[in-house]
Amino acid sequence: GAPAIKYKRIVLKLSGEVLRSKSSGDPIDRLTLERVCTQVKEIHELGIQIGVVIGGGNIFRGLAGEKRGVERTTGDYMGMLATVINSLALMDSLEKMGVVTRVQSAIPMNQIAEPFILRRAIRHLEKGRVVIFAAGTGNPYFSTDTTAALRASEMHADIIMKATKVDGIYDKDPKKYPDAVKYEEITFIDALRQRLNVMDSTAFSLCLDNNVPILVFDLNDEHAISRAVHGEKVGTLVHG
Ligand code: UDP
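Each value, and the rule that gives it
- Residues numbered from 1 in each chain as written.
- Predicted model: local features only at pLDDT ≥ 70, side-chain atom pairs only at ≥ 80, totals over all residues.
- Core = buried A, V, L, I, M, F, W, Y, C linked by C-beta atoms within 7 Å.
- Buried ≥ 20, exposed ≤ 12 C-beta atoms within 10 Å, placed from the backbone.
- Helix = DSSP H or I, 4+ residues; strand = E, 2+ residues; numbered from the N terminus.
- Contact = placed C-beta atoms within 7 Å.
- Near = placed C-beta within 6 Å.
- Nonpolar A, V, L, I, M, F, W, Y, C, P; charged D, E, K, R; others polar.
- UniProt positions renumbered as here; feature names shortened; annotations may be inferred.
- Pairing = 2+ DSSP bridges.

Asks: Explain the nonpolar core residue by residue, including any values.
Replies: One finds Val40, Val52, Ile160 and Met161 to be the most contacted residues of the largest nonpolar core, which totals 71 residues. The greatest single-element share of this core, amounting to seven residues, is contributed by helix α3 (residues 72–96). The contact partners of Met161, leaving out residues within four places of it in the chain, are Ile10, Leu12, Lys13, Leu215, Phe217, Ile225 and Ala228.

Asks: Describe the site of the ligand, naming the residues involved and giving the relevant values.
Replies: Taken together, 24 residues form the shell around the ligand, and within it Gly55, Gly57, Gly62, Gly79 and Gly136 come nearest. Elements supplying a minimum of two residues to the shell around the ligand: α3 and α5 (144–154). If you tally residues by element for the shell around the ligand, the top one is α3, at six residues. Counted by class, the shell around the ligand contains four nonpolar, 16 polar and four charged residues.

Asks: Tell me what's going on with the UniProt feature "binding site: ATP" (unreviewed entry) in the protein chain, and back it up with residues and numbers.
Replies: Here the UniProt feature "binding site: ATP" (unreviewed entry) sits at Lys13, Leu14, Ser15, Gly16, Gly57, Arg61, Thr164, Tyr170 and Asp173. The largest pairwise C-alpha distance within this set of annotated residues, which runs over 161 residues, is 25.6 Å, so the set is dispersed in three dimensions. The residues contacting Thr164, other than those within four sequence positions of it, are Ser15, Val216 and Asp218. Relative to the elements of secondary structure, Tyr170 occurs in strand β7 (residues 169–170). Residues within four places of Tyr170 in sequence aside, it is in contact with Ala180, Val181 and Lys182.

Asks: Could you give an account of the pairing of strand β3 (residues 101–105), with specific residues and numbers?
Replies: Every other side chain in a regular strand lies on the same face of the sheet, so the side chains alternate between the two faces. Extensive coverage of β3 is indicated by the burial of four of its five residues. Pairing of β3 with strand β5 (residues 130–134), which is carried by five bridges, proceeds in the parallel orientation. Counted as the bridge partner of Gln104 is Phe133 from β5. One ladder, built from two bridges, connects β3 with strand β4 (residues 114–115); its direction is parallel. Residue pairing across strands places Ser105 opposite Pro115, the latter belonging to β4.

Below you can see the structure in the form of C-alpha coordinates.
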(Lines give C-alpha, C1' and ligand atoms only; values in the text may rest on other atoms or scores of the structure.)
Protein backbone atom coordinates (compact mmCIF):
# COMPACT_ATOMS: atom_id res chain seq x y z
CA GLY A 1 0.00 0.00 0.00
CA ALA A 2 0.91 3.66 0.03
CA PRO A 3 3.62 4.60 2.54
CA ALA A 4 2.33 6.07 5.78
CA ILE A 5 2.35 9.81 6.21
CA LYS A 6 4.60 10.76 9.11
CA TYR A 7 3.17 14.11 10.09
CA LYS A 8 -0.33 15.43 10.63
CA ARG A 9 0.49 19.10 11.15
CA ILE A 10 3.64 20.86 10.06
CA VAL A 11 5.09 24.34 10.00
CA LEU A 12 7.02 24.98 6.83
CA LYS A 13 9.68 27.66 7.22
CA LEU A 14 10.86 29.20 3.96
CA SER A 15 13.55 31.83 3.83
CA GLY A 16 12.68 34.80 1.67
CA GLU A 17 15.58 33.88 -0.59
CA VAL A 18 13.75 30.81 -1.90
CA LEU A 19 11.62 33.16 -3.99
CA ARG A 20 14.55 34.92 -5.65
CA SER A 21 15.25 34.32 -9.32
CA LYS A 22 18.58 32.60 -9.93
CA SER A 23 18.90 34.17 -13.38
CA SER A 24 17.65 37.75 -13.08
CA GLY A 25 18.09 38.20 -9.33
CA ASP A 26 14.52 39.50 -9.01
CA PRO A 27 13.42 39.22 -5.37
CA ILE A 28 10.24 37.40 -6.33
CA ASP A 29 10.33 35.22 -9.41
CA ARG A 30 7.13 33.75 -10.80
CA LEU A 31 8.53 30.40 -11.88
CA THR A 32 10.47 29.96 -8.65
CA LEU A 33 7.35 30.84 -6.72
CA GLU A 34 5.36 28.25 -8.68
CA ARG A 35 7.99 25.61 -8.04
CA VAL A 36 7.84 26.25 -4.28
CA CYS A 37 4.05 26.28 -4.24
CA THR A 38 3.86 23.04 -6.23
CA GLN A 39 5.76 21.35 -3.41
CA VAL A 40 3.31 22.77 -0.88
CA LYS A 41 0.37 21.62 -2.99
CA GLU A 42 1.85 18.13 -3.22
CA ILE A 43 1.74 17.58 0.53
CA HIS A 44 -1.49 19.51 0.95
CA GLU A 45 -3.12 16.89 -1.25
CA LEU A 46 -2.01 14.24 1.25
CA GLY A 47 -4.20 15.90 3.86
CA ILE A 48 -1.36 17.34 5.90
CA GLN A 49 -2.16 20.50 7.83
CA ILE A 50 0.30 23.18 6.75
CA GLY A 51 1.26 26.46 8.35
CA VAL A 52 3.80 28.44 6.34
CA VAL A 53 6.21 31.04 7.69
CA ILE A 54 8.16 32.89 5.05
CA GLY A 55 11.04 35.26 5.78
CA GLY A 56 11.78 38.57 4.13
CA GLY A 57 15.49 38.36 3.46
CA ASN A 58 15.03 38.61 -0.32
CA ILE A 59 13.66 42.12 0.25
CA PHE A 60 14.86 43.51 3.58
CA ARG A 61 16.52 42.44 6.82
CA GLY A 62 16.68 44.58 9.95
CA LEU A 63 20.39 44.01 10.44
CA ALA A 64 21.17 44.97 6.84
CA GLY A 65 19.17 48.14 7.39
CA GLU A 66 21.25 48.98 10.44
CA LYS A 67 24.38 48.86 8.31
CA ARG A 68 22.76 51.43 6.04
CA GLY A 69 21.98 53.69 8.96
CA VAL A 70 18.37 52.65 9.57
CA GLU A 71 17.51 52.31 13.25
CA ARG A 72 17.32 48.60 14.17
CA THR A 73 13.71 48.69 15.27
CA THR A 74 12.62 50.52 12.14
CA GLY A 75 14.60 48.12 9.99
CA ASP A 76 12.99 45.17 11.73
CA TYR A 77 9.53 46.55 10.95
CA MET A 78 10.66 46.98 7.35
CA GLY A 79 11.73 43.32 7.43
CA MET A 80 8.37 42.27 8.87
CA LEU A 81 6.62 44.16 6.08
CA ALA A 82 8.84 42.29 3.60
CA THR A 83 7.47 39.01 4.99
CA VAL A 84 3.95 40.31 4.32
CA ILE A 85 4.86 40.92 0.66
CA ASN A 86 6.26 37.41 0.35
CA SER A 87 3.22 35.95 2.12
CA LEU A 88 0.89 37.61 -0.39
CA ALA A 89 2.99 36.25 -3.26
CA LEU A 90 2.66 32.73 -1.81
CA MET A 91 -1.06 33.21 -1.26
CA ASP A 92 -1.58 34.32 -4.84
CA SER A 93 0.40 31.48 -6.35
CA LEU A 94 -1.16 28.78 -4.14
CA GLU A 95 -4.68 30.01 -4.78
CA LYS A 96 -4.05 29.92 -8.54
CA MET A 97 -3.18 26.25 -8.11
CA GLY A 98 -6.45 25.65 -6.35
CA VAL A 99 -5.06 25.54 -2.80
CA VAL A 100 -7.21 27.57 -0.41
CA THR A 101 -5.12 29.78 1.86
CA ARG A 102 -5.49 32.32 4.62
CA VAL A 103 -2.85 34.90 5.46
CA GLN A 104 -2.70 35.87 9.12
CA SER A 105 -0.57 38.84 10.09
CA ALA A 106 1.03 39.32 13.50
CA ILE A 107 0.61 43.07 12.89
CA PRO A 108 -3.01 43.99 12.17
CA MET A 109 -3.55 45.24 8.63
CA ASN A 110 -7.12 44.28 8.00
CA GLN A 111 -7.38 45.10 4.33
CA ILE A 112 -4.44 42.86 3.56
CA ALA A 113 -4.64 39.90 5.91
CA GLU A 114 -6.56 38.43 8.82
CA PRO A 115 -5.08 39.20 12.22
CA PHE A 116 -3.22 36.31 13.80
CA ILE A 117 -5.65 34.46 16.05
CA LEU A 118 -4.39 31.08 17.17
CA ARG A 119 -7.73 29.33 17.47
CA ARG A 120 -8.85 30.63 14.11
CA ALA A 121 -5.59 29.52 12.52
CA ILE A 122 -6.15 26.01 13.87
CA ARG A 123 -9.72 26.04 12.58
CA HIS A 124 -8.42 26.96 9.10
CA LEU A 125 -5.93 24.10 9.23
CA GLU A 126 -8.65 21.67 10.26
CA LYS A 127 -10.72 22.81 7.29
CA GLY A 128 -7.81 22.10 4.97
CA ARG A 129 -6.68 25.66 4.38
CA VAL A 130 -3.01 26.50 4.23
CA VAL A 131 -2.32 29.24 6.77
CA ILE A 132 0.47 31.67 5.92
CA PHE A 133 1.82 33.52 8.94
CA ALA A 134 2.95 37.01 7.95
CA ALA A 135 4.79 39.82 9.76
CA GLY A 136 6.90 37.47 11.87
CA THR A 137 6.17 37.56 15.57
CA GLY A 138 5.17 41.22 15.26
CA ASN A 139 8.18 42.19 17.37
CA PRO A 140 11.56 43.64 16.45
CA TYR A 141 14.71 41.72 17.47
CA PHE A 142 13.12 38.43 16.45
CA SER A 143 13.44 36.36 13.30
CA THR A 144 11.11 34.36 11.15
CA ASP A 145 12.84 31.20 12.40
CA THR A 146 11.65 32.25 15.85
CA THR A 147 8.21 32.87 14.38
CA ALA A 148 8.17 29.32 13.00
CA ALA A 149 9.25 27.95 16.38
CA LEU A 150 6.58 29.99 18.16
CA ARG A 151 3.75 29.08 15.79
CA ALA A 152 4.77 25.42 15.78
CA SER A 153 4.82 25.39 19.59
CA GLU A 154 1.46 27.06 20.05
CA MET A 155 -0.22 24.96 17.34
CA HIS A 156 1.38 21.75 18.62
CA ALA A 157 2.79 21.03 15.18
CA ASP A 158 4.60 17.73 14.73
CA ILE A 159 7.63 19.31 13.12
CA ILE A 160 9.18 22.42 11.62
CA MET A 161 10.43 21.82 8.11
CA LYS A 162 13.08 24.41 7.44
CA ALA A 163 14.03 24.87 3.80
CA THR A 164 17.58 26.12 3.25
CA LYS A 165 20.17 26.26 0.51
CA VAL A 166 22.07 23.27 1.91
CA ASP A 167 20.64 19.79 2.15
CA GLY A 168 21.13 19.41 5.89
CA ILE A 169 23.45 20.05 8.81
CA TYR A 170 27.14 19.25 8.48
CA ASP A 171 29.90 18.94 11.09
CA LYS A 172 31.64 21.82 9.28
CA ASP A 173 30.90 24.13 6.36
CA PRO A 174 30.53 21.84 3.31
CA LYS A 175 31.39 24.73 0.97
CA LYS A 176 34.78 25.21 2.63
CA TYR A 177 35.57 21.62 3.58
CA PRO A 178 34.99 18.85 1.03
CA ASP A 179 35.31 16.22 3.79
CA ALA A 180 32.42 17.72 5.78
CA VAL A 181 30.02 15.04 7.00
CA LYS A 182 26.24 15.44 6.99
CA TYR A 183 24.19 14.34 9.96
CA GLU A 184 21.07 12.34 9.17
CA GLU A 185 19.82 13.20 12.60
CA ILE A 186 21.12 14.83 15.73
CA THR A 187 19.72 15.64 19.17
CA PHE A 188 19.17 19.22 20.32
CA ILE A 189 21.81 18.76 23.00
CA ASP A 190 24.45 17.44 20.58
CA ALA A 191 23.69 20.26 18.14
CA LEU A 192 24.22 22.73 20.99
CA ARG A 193 27.41 20.99 22.20
CA GLN A 194 28.87 21.05 18.71
CA ARG A 195 27.74 24.64 18.18
CA LEU A 196 25.92 23.74 14.98
CA ASN A 197 23.98 26.61 13.51
CA VAL A 198 20.53 25.08 13.08
CA MET A 199 18.58 28.27 13.79
CA ASP A 200 19.28 31.44 15.73
CA SER A 201 19.52 30.82 19.46
CA THR A 202 16.06 32.21 20.31
CA ALA A 203 14.39 29.96 17.75
CA PHE A 204 16.50 26.97 18.75
CA SER A 205 15.70 27.42 22.47
CA LEU A 206 11.97 27.51 21.76
CA CYS A 207 12.17 24.26 19.81
CA LEU A 208 14.30 22.64 22.46
CA ASP A 209 12.08 23.73 25.36
CA ASN A 210 8.86 22.73 23.62
CA ASN A 211 10.29 19.62 21.99
CA VAL A 212 9.49 20.61 18.42
CA PRO A 213 11.72 18.66 16.03
CA ILE A 214 13.29 20.52 13.11
CA LEU A 215 14.00 19.09 9.69
CA VAL A 216 16.59 21.07 7.75
CA PHE A 217 16.47 20.29 4.05
CA ASP A 218 17.11 21.71 0.59
CA LEU A 219 13.97 22.81 -1.19
CA ASN A 220 15.70 22.46 -4.57
CA ASP A 221 15.76 18.69 -4.12
CA GLU A 222 12.86 17.45 -6.17
CA HIS A 223 9.80 16.55 -4.11
CA ALA A 224 11.89 17.09 -0.96
CA ILE A 225 8.95 17.93 1.27
CA SER A 226 6.80 15.12 -0.03
CA ARG A 227 9.63 12.60 0.39
CA ALA A 228 10.24 13.81 3.94
CA VAL A 229 6.59 13.46 4.99
CA HIS A 230 6.63 9.92 3.59
CA GLY A 231 9.46 9.13 5.99
CA GLU A 232 12.32 9.13 3.49
CA LYS A 233 15.66 10.28 4.83
CA VAL A 234 15.84 13.88 3.63
CA GLY A 235 18.09 16.56 5.09
CA THR A 236 18.89 16.49 8.81
CA LEU A 237 16.42 15.87 11.61
CA VAL A 238 17.09 17.68 14.89
CA HIS A 239 15.12 16.16 17.73
CA GLY A 240 14.82 15.76 21.50
N1 UDP B 1 11.67 40.36 11.74
C2 UDP B 1 11.42 40.89 13.00
N3 UDP B 1 10.65 40.19 13.89
C4 UDP B 1 10.14 38.96 13.59
C5 UDP B 1 10.42 38.40 12.32
C6 UDP B 1 11.19 39.12 11.42
O7 UDP B 1 11.87 41.98 13.33
O8 UDP B 1 9.45 38.38 14.43
C9 UDP B 1 12.42 41.18 10.76
C10 UDP B 1 13.92 41.13 10.94
O11 UDP B 1 14.43 42.40 10.65
C12 UDP B 1 14.35 40.14 9.88
C13 UDP B 1 13.38 40.41 8.77
O14 UDP B 1 12.16 40.70 9.45
O15 UDP B 1 15.67 40.36 9.47
C16 UDP B 1 13.18 39.30 7.79
O17 UDP B 1 13.06 38.07 8.45
P18 UDP B 1 14.22 36.94 8.38
O19 UDP B 1 15.55 37.60 8.44
O20 UDP B 1 13.91 35.93 9.41
O21 UDP B 1 13.96 36.38 6.92
P22 UDP B 1 14.69 35.17 6.14
O23 UDP B 1 16.15 35.22 6.47
O24 UDP B 1 14.07 33.90 6.63
O25 UDP B 1 14.37 35.46 4.72
